[in-house]
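Descriptive analysis of the structure
The residues making up each chain are set out below.
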Amino acid sequence: MATSIKKLPDIEQVLSGNGACGGCPATMGLRIVGKALGSNAIMLLTPSCSVASMGMTPRLGYNWPCINITFASAGSSASGITHALEVMQEKGRLHGELPTVFAWVGDGGTYDIGFQALSGAAERNDNIIFFCYNNEAYSNTGVQRSGATPRGSFTTTTPTGKRQPKKNMALLMLEHNIPYVATATVAYPGDLYDKVVKAKNIPGMKYIEIQAPCYLGWQFDMPETVQMSRMAVRSGAWLLWEAENGKISFNNPSSLIISGKKDAAPVDEYLMKQGRFNRLLKGPDAESRIAEIQGDIDREIAFIRERAKITI
Amino acid sequence: MKSLTKAYRPISWPTKGAGGDTGSWRTHRPVVDTQICNKCQICWVYCPEAVIDRQEITIDYRYCKGCGVCAVECPTGAISMEMEE
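Residues numbered from 1 in each chain as written. Chains lettered and ligands numbered in written order. Predicted model: local features only at pLDDT ≥ 70, side-chain atom pairs only at ≥ 80, totals over all residues. Heavy atoms only, no water.

Examining the overall build of chain B
- Helix and strand content of chain B: 3 helices and 3 strands.
- Starting at the N terminus, the α and β elements of chain B follow one another as α-β-β-α-α-β.
- Relative to its 85 residues, chain B shows a buried fraction of 40%.
- In chain B, 68% of the contacts between residues at least 6 apart in sequence involve partners at least 24 apart. (Helix = DSSP H or I, 4+ residues; strand = E, 2+ residues; numbered from the N terminus. Buried < 20%, exposed > 50% of the residue type's maximum accessible area, 1.4 Å probe, protein only. Contact = heavy atoms within 4.5 Å.)

Considerations on the packing of aromatic side chains
- For the coordinates displayed, the defined rule picks out 6 aromatic pairs over all chains.
- On the numbers, 5.7 Å between centres and 90 degrees between planes, the contact of Phe102 of chain A with Phe131 of chain A is edge-to-face. One end of the pair, Phe102 of chain A, is in strand 4 (residues 100-106); the other, Phe131 of chain A, is in strand 5 (residues 129-134), with 29 residues separating them in the sequence.
- Ring plane angle 50 degrees and centroid distance 5.8 Å describe the contact between Trp104 of chain A and Phe131 of chain A, whose orientation is recorded as tilted. Linking Trp104 of chain A in strand 4 with Phe131 of chain A in strand 5, this pair joins segments that are 27 residues apart in sequence. Each member of the pair, Trp104 of chain A together with Phe131 of chain A, is buried.
- Joined through ring pairs, the aromatic side chains of Trp64, Phe102, Trp104, Phe131 and Tyr133 of chain A make up one cluster.
- If you follow Arg276 of chain A out to its NZ or CZ, it ends over the ring of Trp218 of chain A, 4.1 Å from the centre.
- For Arg29 of chain B, the ring lying beneath its charged end belongs to Tyr61 of chain B, and the centroid distance is 4.4 Å. (Phe/Tyr/Trp six-rings, centres within 6.5 Å; stacked < 30°, edge-to-face > 60°. Lys NZ or Arg CZ within 6 Å of the ring centre and 35° of its normal.)

Let's talk about the pairing of strand 1 (residues 41-45) of chain A
Residues and elements named next belong to chain A.
- The element strand 1 is extensively covered by neighbouring structure, given that 5 of its 5 residues are classed as buried.
- Sheet topology note: the strand 1/strand 4 ladder contains 5 bridges and is parallel. The partner of Leu45 across the bridge, within strand 4, is Trp104.
- Relative to strand 3 (residues 66-68), strand 1 runs parallel, the two sharing 3 bridges. (Pairing = 2+ DSSP bridges.)

Comments concerning the packing of helix 1 (residues 25-37) of chain A against helix 7 (residues 189-200) of chain A
Residue and element names in this part refer to chain A.
- Their axes nearest at 9 Å, the elements helix 1 and helix 7 cross at an angle of 45 degrees. Taken together, helix 1 and helix 7 sit at an angle that is classed as oblique. Note on packing geometry: the crossing formed by helix 1 with helix 7 is right-handed. On the side of helix 1, the interface is formed by Gly29, Ile32, Val33, Lys35, Ala36 and Leu37, while helix 7 contributes Pro189, Leu192, Tyr193, Val196, Val197 and Lys200.
- Here the contact of helix 1 with helix 7 is built from residues that sort into 9 nonpolar, 1 polar and 2 charged. (Axes fitted to C-alpha atoms, helices over the stretch in contact; angles between N-to-C directions. Parallel < 35°, antiparallel > 145°, perpendicular 65-115°, else oblique. Left-handed = near helix turned anticlockwise from the far one by under 90°. Nonpolar A, V, L, I, M, F, W, Y, C, P; charged D, E, K, R; others polar.)

Quick notes on the interface of chain B and chain A
- Taken together, the 34 residues of chain B in the interface contact 42 residues of chain A.
- For the pair chain B and chain A, the summed buried area comes to about 3000 Å², and 55% of that belongs to carbon and sulfur atoms.
- Taking the shortest distance from any N to any O, the salt bridge between Arg230 of chain A and Glu73 of chain B comes out at 3.0 Å.
- Across the contact surface, chain B and chain A share 24 residue pairs in polar contact (both at pLDDT 80 or more).
- Mapped by element, the contributors of at least two residues to the side of chain B that touches chain A are strand 1 (13-14), helix 2 (42-46) and helix 3 (69-73) of chain B.
- Residue composition of the side of chain B that touches chain A, by class: 19 nonpolar, 9 polar and 6 charged. (Buried area = accessible area lost by both parts, 1.4 Å probe. Salt bridge = Lys/Arg side-chain N within 4 Å of Asp/Glu carboxyl O. Polar contact = N/O pair within 3.5 Å; in protein donor to acceptor, adjacent residues only side chain to side chain.)

Focus: the nonpolar core
Residues and elements named next belong to chain A.
- Counting residues in each nonpolar core, the largest one holds 113 residues, and the members touching the most others are Phe102, Trp104, Phe131, Tyr207 and Trp241.
- Sort the elements by how many residues they give to this core and helix 1 lands first, with 7 residues.
- Discounting chain neighbours no more than four positions away, the residues touching Trp104 are Ala26, Gly29, Leu30, Val33, Met43, Leu44, Leu45, Thr46, Ser50, Phe131, Tyr133 and Ile210. (Core = buried A, V, L, I, M, F, W, Y, C linked by side-chain atoms within 4.5 Å.)

Re the side chain of Thr149 of chain A
Residues and elements named next belong to chain A.
- Looking at where Thr149 falls in the secondary structure, it is placed in the loop between strand 5 and helix 6 (169-174).
- For Thr149, a relative accessible area of 0% corresponds to the buried category.
- Excluding residues that lie within four positions of it along the chain, Thr149 makes contacts with Glu136, Ala137, Thr155, Lys162, Gln164, Pro165 and Lys166.

Describing the environment of Cys47 of chain B
- Summarising the element assignment, Cys47 of chain B is placed in the loop between helix 2 and helix 3.
- Distance from Cys47 of chain B to Cys64 of chain B, taken between C-alpha atoms, is 9.3 Å for residues 17 residues apart in sequence.
- The residues contacting Cys47 of chain B, other than those within four sequence positions of it, are Arg31 of chain A together with Ile52 of chain B.

Considerations on the sheet that holds strand 3 of chain A
Residue and element names in this part refer to chain A.
- Ordered in space as 3-1-4-5-7-6-8-9, the 8 strands form an open sheet in which the pairing is mixed. Looking along the sheet, the strands with just one partner apiece sit at the ends: strand 3 and strand 9 (247-250). Direction aside, neighbouring strands of the sheet carry axes that sit 20 degrees apart on average.
- Examined bridge by bridge, strand 6 (residues 180-185) and strand 8 (residues 241-244) share 3 bridges and lie antiparallel to one another.

Some thoughts on the pattern of salt bridges
- One pass over the full model with this rule turns up 20 salt bridges over all chains.
- Between Glu84 of chain B and Arg29 of chain B there is a salt bridge, and its shortest N-O distance comes to 3.0 Å. Of this pair, Glu84 of chain B sits in the segment after strand 3 (79-83) while Arg29 of chain B sits in strand 2 (residues 28-32), placing them 55 residues apart in sequence.
- Of the residues examined, Glu84 of chain B reaches a relative accessible area of 26% and is grouped as partly exposed.
- By sharing partners, the salt bridges in this structure join Glu12, Arg31 and Lys35 of chain A into a single network.

So this is what it looks like as C-alpha cells:
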C-alpha cells in the first residue's frame, strides 16, 4: 500500500517561481523526490529542461547543491562525487551522514547520450541514485526524436511518425544486476515516494525512471498532465514495477493488468488525446499502425510477465 | 553587506522566484471555493510549483503559473479557473 498523500512530509526542495513551464511533470516529480530524499543530497543535472528551469544566476530554483555537467557524463560524474565523499569521510574531513548523490536526467541523457556512462556506473555498482524523467523526446530543444519516443509519435525529426519502437531502458538497467530498479509516474505520488525512500536506504546503484507527460511535446492540453500519466498506466503503455536484487514485483494498478485480473484499457483513447499521434490516426493506414502500437504494448507486458517469473 | 558579497560570487543560491515573478505568465487564475473544499490535499501534491498551502488550501498568486492541474484533479470540483483581467 502506497503512502497516502496526507502522510507525505512538508519539506519543499523545489522552490516556487522556477522557470519551468506551467504544468511541468518534471518539477511535479522532483517535488515528490525532494520529499523522499530530504535536504541532505547532491543533485547532478545534465542539459535538460530541468537545467533550463532552475532559474538565472544568482538565484536557484532547487534547494540542493546542484552541479551542471556535460550531457554524456551523468553516471561517471555521480560516481566520482560519491567516491570523493567516501574518501573525505575516511580522512575525517566530513562528519555525519553522507549526502545522497543523485542524478536528475532526461530521457536523452539516459537512453541515448548518457548511456555508456550510466552503464559503467551500474557495472561498478557505485552508490548513487539515477533518476530518468522520461518525457519521450528531446523536449528542451523543441521536441526531437529520442530513443524513448514510442512508435508512431510525431516529433520535428520524425514528421510522419517514428517507425521504430522505443527501448525498454528499465529492463536494460535490471540486466546490469544492480540492487534496485523501479519505474514510476507522476500520477501516483505515494508510489513514487515509497520507491525513492526505499532506494535511498539501499547501498549501491539505484535506477528510477519517472514517466513525465510533457504537454508541449505530446501536444495535449496543459491541465491534463496528470490525467495523461494515469491513462498511460491504465492502458498498459507504462508499467509500474520495482525490482530488488533482480526480483520484480508489480505495483497497482499495473499488477492487476499483469496478473490478468483487469484488462488494460484500449490504447486508442490514450492516443486520441495526444496531438503527436494525430497524423497517424488520420492517415489511410491508421488501423494497422494502431495495431502495431498495441502490439508493442502487448509484447512488453508479455515479456515482463515472463521475466518476473525468474527470481534467482 | 553579506547579501551583496553573495551576489558577486559566481554561485547561485536557492531563492524563491528564480525565474522571476512567474504569476505574470498566467492567463487563468485558480480560485478555491472553501465551502466545497474538503482539504484532501490532492491539489497540493500535484501542484508543480508548490504554491498551494497544505493546511489552508490558499494559493500564492505571485508564483502560480495557472496551469490548471489542481482544477482538473480536484475530486470535489472546489477549484475553478477564472479568466485573468
